[in-house]
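Inside the fold
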Amino acid sequence: MSLEGLSPVRSGNVSARFSDGMLITPTAMAYSVMTADDVVFIDAEGAPQRGGRAPSSEWHFHLAIYGAKAEARAVVHCHSTSATALACARKSIPAFHYMVAVAGGQDIPLAPYATFGTPELAQAVVATLKDRRACLLANHGQIAFGETLEATLDLAREVEALAAQYIAVLQLGAVHILDDEEMGIVL
Ligand code: 13P
């Protein structure tokens, strides 16, 4: 994620469902120096393992996704440039390209703004992901979940590519949105 430029410096975080909770990246640690020993276990109640590193500040939304989505086994959150630019412009990604279906529906929605690391942001994320596997986060970035870490990273890559393409189309000033019937066929 870091080497591909999907998440500059210490931004973003990754988790995987584990036991009755999850394993999550530590807060404020560069990926380049992170090792398996730095990863933190958090149980279903949100209690981190004793004696370990402090977990990602975003553990609320990671845990909330595992609580709300039985199929979720991995979560990737990143501040990839194009997805973040759209999210800061408070734009979702409509069906300008049929590939938005990778997120599970007719668009890639935008979660309303809430301060990072808060239960309010977790609530907004879960509500926005009601029928989706990925969304943008207003003035923040993007989040994706899936059945494996690899598939979830791929989805985050797809969201970033679609965001870059949509920005290019907006610059051309000629957006054509596929209608619900066509997106129904695609889905
Ligand atoms: P953490 O280092 O606490 O995971 O925070 C990074 C981030 O991107 C917050 O949204």
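Structural notes, computed from the coordinates. (Residues numbered from 1 in each chain as written. Predicted model: local features only at pLDDT ≥ 70, side-chain atom pairs only at ≥ 80, totals over all residues. Heavy atoms only, no water.)

1. Quick look at the site of the ligand
Every residue lining the ligand is accounted for by Arg10, Ser11, Gly12, Asn13, Thr27, Ala28, Ser56, Ser57, Glu58, His77, His79 and His140. Contact between the ligand and histidine 79: an oxygen atom at 3.0 Å from a side-chain N or O atom of the residue. One of the side-chain N or O atoms of histidine 140 is found 2.9 Å from an oxygen atom in the ligand. Taking 300 Å² as the accessible area of the ligand by itself, protein coverage stands at 90%. Tallied by class, residues from the shell around the ligand come to one nonpolar, nine polar and two charged. (Near = heavy atom within 4 Å. Polar contact = N/O pair within 3.5 Å; in protein donor to acceptor, adjacent residues only side chain to side chain. Areas by Shrake-Rupley, 256 points an atom, 1.4 Å probe, with all protein chains shown as cover. Nonpolar A, V, L, I, M, F, W, Y, C, P; charged D, E, K, R; others polar.)

2. Digging into the pattern of salt bridges
If you walk through the whole model with that rule in mind, you get five salt bridges. Glutamate 4 is the partner of arginine 157 in a salt bridge, and the nearest nitrogen-oxygen pair spans 2.5 Å. Highlighted residues: arginine 157 in helix H4 (residues 149–172) and glutamate 4 in the segment before strand E1 (13–18), separated in sequence by 153 residues. Measuring nitrogen to oxygen at the nearest pair gives 3.7 Å for the salt bridge that ties lysine 130 to aspartate 131. Neither residue differs from the other here; lysine 130 and aspartate 131 are each classed as exposed. Here the residues in one salt-bridge network are Glu4, Asp154 and Arg157, joined through shared partners. (Salt bridge = Lys/Arg side-chain N within 4 Å of Asp/Glu carboxyl O. Helix = DSSP H or I, 4+ residues; strand = E, 2+ residues; numbered from the N terminus. Buried < 20%, exposed > 50% of the residue type's maximum accessible area, 1.4 Å probe, protein only.)

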